[in-house]
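If you want the building blocks of each chain, they are given just below.
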Amino acid sequence: MQDRPRADELAEAVREFIETEVLPTTDDPRLRFRALVAANGLGILEREIAVGAPLVRREVGALMRLLGSADSVPDDLDELRRRASDLNRELSRRIRAGDAPEGTLVHLLATVADKLRVASPRYLERYR
Amino acid sequence: MTRDRGQDVSVELRERLIPLFGGDIAIERLALLAGGASKEAWALDLRTPQGTRLLLVRRAGGGVIHQQTLSLEHECRLLEVAYAAGVRAPQPYGYLGEIVGRPAFVSERVSGETIGRRIAQRPELAGARAVLPAQMAEELAKIHAIPADRVPFLEAGGPHDVLTRLERELDSVEEPHPAIELGLAWAKSRAPDRGDVVVLHGDLRVGNLAVTEAGLGHVLDWEFAHLGDPTEDVAWPLVRAWRFGVDQMRLGGIGEVEPYLERYNALSGRHISLASLDYWEIVGNLKWAIGALTQARRHLSGQQRSVELAVIGRLAAEMEFELLHLLERAG
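Residues numbered from 1 in each chain as written. Chains lettered and ligands numbered in written order. Predicted model: local features only at pLDDT ≥ 70, side-chain atom pairs only at ≥ 80, totals over all residues.

1. Structural notes on the overall build of chain B
Summing up its helical and strand segments, chain B has 10 helices and 9 strands in all. Counting only C-alpha atoms and orienting by the principal axes, one finds that chain B spans roughly 65 × 45 × 40 Å. Of all 331 residues assigned to chain B, the portion counted as buried reaches 43%. Long-range pairs, those at least 24 residues apart, make up 69% of the contacts in chain B with a sequence separation of at least 6. (Helix = DSSP H or I, 4+ residues; strand = E, 2+ residues; numbered from the N terminus. Buried ≥ 20, exposed ≤ 12 C-beta atoms within 10 Å, placed from the backbone. Contact = placed C-beta atoms within 7 Å.)

2. Overview of the overall build of chain A
When helices and strands are tallied, chain A shows 5 helices and 0 strands. For chain A, the C-alpha radius of gyration of 19 Å lies well beyond 14 Å, the compact-globule estimate for 128 residues. Projected onto the principal axes, the alpha-carbon positions of chain A cover approximately 55 × 40 × 25 Å. Relative to its 128 residues, chain A shows a buried fraction of 20%. (Rg over C-alpha atoms; globule rule 2.2 N^0.38 Å.)

3. Quick notes on the sheet that holds strand S2 (residues 39–48) of chain B
Residue and element names in this part refer to chain B. Read across the open sheet, the 5 strands follow the order S1-S2-S3-S5-S4; overall the sheet is antiparallel. Each of the sheet's edge strands pairs with one partner strand only, and the pair in question is strand S1 (26–34) and strand S4 (92–99). Taking each pair of neighbouring strands and ignoring which way they run, the sheet shows an average axis angle of 25°. Across 7 bridges, the pairing between S1 and S2 is antiparallel. Residue pairing for S2: alanine 34 is matched across the bridge by alanine 41. (Pairing = 2+ DSSP bridges. Axes fitted to C-alpha atoms, helices over the stretch in contact; angles between N-to-C directions.)

4. Details of the domain arrangement of chain B
Residue and element names in this part refer to chain B. The domain architecture assigned to chain B consists of domain 1 (3–108) and domain 2 (116–330). The distance between the C-alpha centroids of domain 1 and domain 2 comes to 27 Å. Listed per partner, the contact involves 20 residues of domain 1 and 18 residues of domain 2. (Domains from an automatic or database assignment.)

5. Notes on the interface of chain A and chain B
At the junction of the two partners, chain A supplies 28 residues and chain B supplies 22 residues. Breaking the side of chain A that touches chain B down by element, the ones donating at least two residues are helix H2 (29–67), helix H3 (77–96) and helix H4 (104–119) of chain A. Sort the elements by how many residues they give to the side of chain A that touches chain B and H4(A) lands first, with 9 residues. The residue inventory of the side of chain A that touches chain B, partitioned by class, reads 15 nonpolar, 8 polar and 5 charged. (Nonpolar A, V, L, I, M, F, W, Y, C, P; charged D, E, K, R; others polar.)

6. Regarding helix H6 (residues 178–190) of chain B
With 13 residues, H6(B) should reach 18 Å at 1.5 Å per residue; the first-to-last C-alpha distance of 19 Å fits that figure. The complete set of buried residues in H6(B) reads B:Pro178, B:Ala179, B:Ile180, B:Glu181, B:Leu182, B:Gly183, B:Leu184, B:Trp186 and B:Ala187. In this structure, the buried residues of H6(B) make contact with H3 and H4 of chain A together with helix H5 (159–173), helix H9 (274–300) and helix H10 (307–330) of chain B. (Expected span 1.5 Å × (residues − 1).)

7. Quick word on the environment of B:Pro103
Relative to the helices and strands, B:Pro103 resides in strand S5 (residues 102–108). Among all residues touching B:Pro103, those that are not within four sequence positions of it are B:Ala60, B:Ser71, B:Leu72, B:Glu73, B:Gly97 and B:Glu98.

8. Considering the packing of H4(A) against H10(B)
Where H4(A) meets H10(B), the axes come as close as 9 Å, and the angle between the chain directions of the two elements is 150°. The orientation of H4(A) with respect to H10(B), classified from their angle, is roughly antiparallel. The handedness of the crossing between H4(A) and H10(B) comes out as left-handed. Across from A:Leu105, A:Leu108, A:Leu109, A:Val112, A:Ala113, A:Lys115, A:Leu116 and A:Ala119 in H4(A), the residues of H10(B) making contact are B:Arg314, B:Leu315, B:Ala317, B:Glu318, B:Glu320, B:Phe321, B:Leu324, B:Leu327 and B:Glu328. Tallied by class, residues from the contact of H4(A) with H10(B) come to 12 nonpolar, no polar and 5 charged. (Parallel < 35°, antiparallel > 145°, perpendicular 65-115°, else oblique. Left-handed = near helix turned anticlockwise from the far one by under 90°.)

Pasting the structure below:
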């Protein structure tokens, strides 16, 4: 067991350092831009630590229903990620073969929205 | 960039500029504006007997050149042809050969706003936004009228070739992307037959234009030029990622599509329809979604370590989401 700060708290501390100490004192526009991108990257990391596991569980469940898989949903996070990757590969293969399951578009709208909840929540709001 | 390397560049550069500007020249300022593994840009202030010229030197970077882009020699040649055809391209002065082991060319250094968010949103550029749609149409019409035999090094492809190349690039990412697959499958079933094949800029959009308060100053960033269906170029600035937060303005966050398309059709004599723009807008989103994934691979593979390229891998989901909404609407 690691001591505090937790991983999410560390990412938050580094992001706050960039936002409150680096950016206000940086004039070079290229460096400013990359510092903003770096802070954004840490924000993604914070959100993934917070909600990544339940979202990948939800994605695996949805993929199994879409593809008619009767396997059980794994508990282990690494196992879940592997399963999500395998099922997405299967879905991709079927779409390319012209054999997309019924409901694919609706499934993908929900799944990509979940990716954006981690990667870019403000972008998601622009579609409301 | 060490001081020595910078000095070497300066010395060789001056020698190569003598045939273009005469022997009575001196470098007043030479500053690296943008580095990167593939291409560098140097601001050069050159004293000549006629006064100081503000120049831009484009030079290859130290890393691997991006596969789908023009060489610097070809980019310079294309600029010469486009400039002679009356396109508002920066005036090229010549290909310089290798400067300290890397190819380079020199052009005028133009001023104007290039940052997309500012062009779409700054109040002082409202007048520019009013005239930009027609001006973008005019530049595209001029570029598309360049005789292809003047630029024989450009690669050609019809609508189906575009999709084949995108599928190959997606496969190179080695990560499943069912949303992109759905878009590719849709596009394959609706790709138009090969029609006109013309010179395309390949990346003409807000963000690659130098804009002043009077409107479009210059068309920049020619490295993605190729031959293809003109509608590919006309639809590219509609892609939502190039609206810079002003989503309701479908043309680059600055204007409506209809007057832009009418102007283009009037000047080019073509009859591009809104429906065919819809098709190519979807292909444009596919292109940029896959582009974001491959850019992240440049970082992940070690070809060009960059926090910007790393983060862009996660932003491919934005283009996927837009793509799915466009597919839903297209049916």
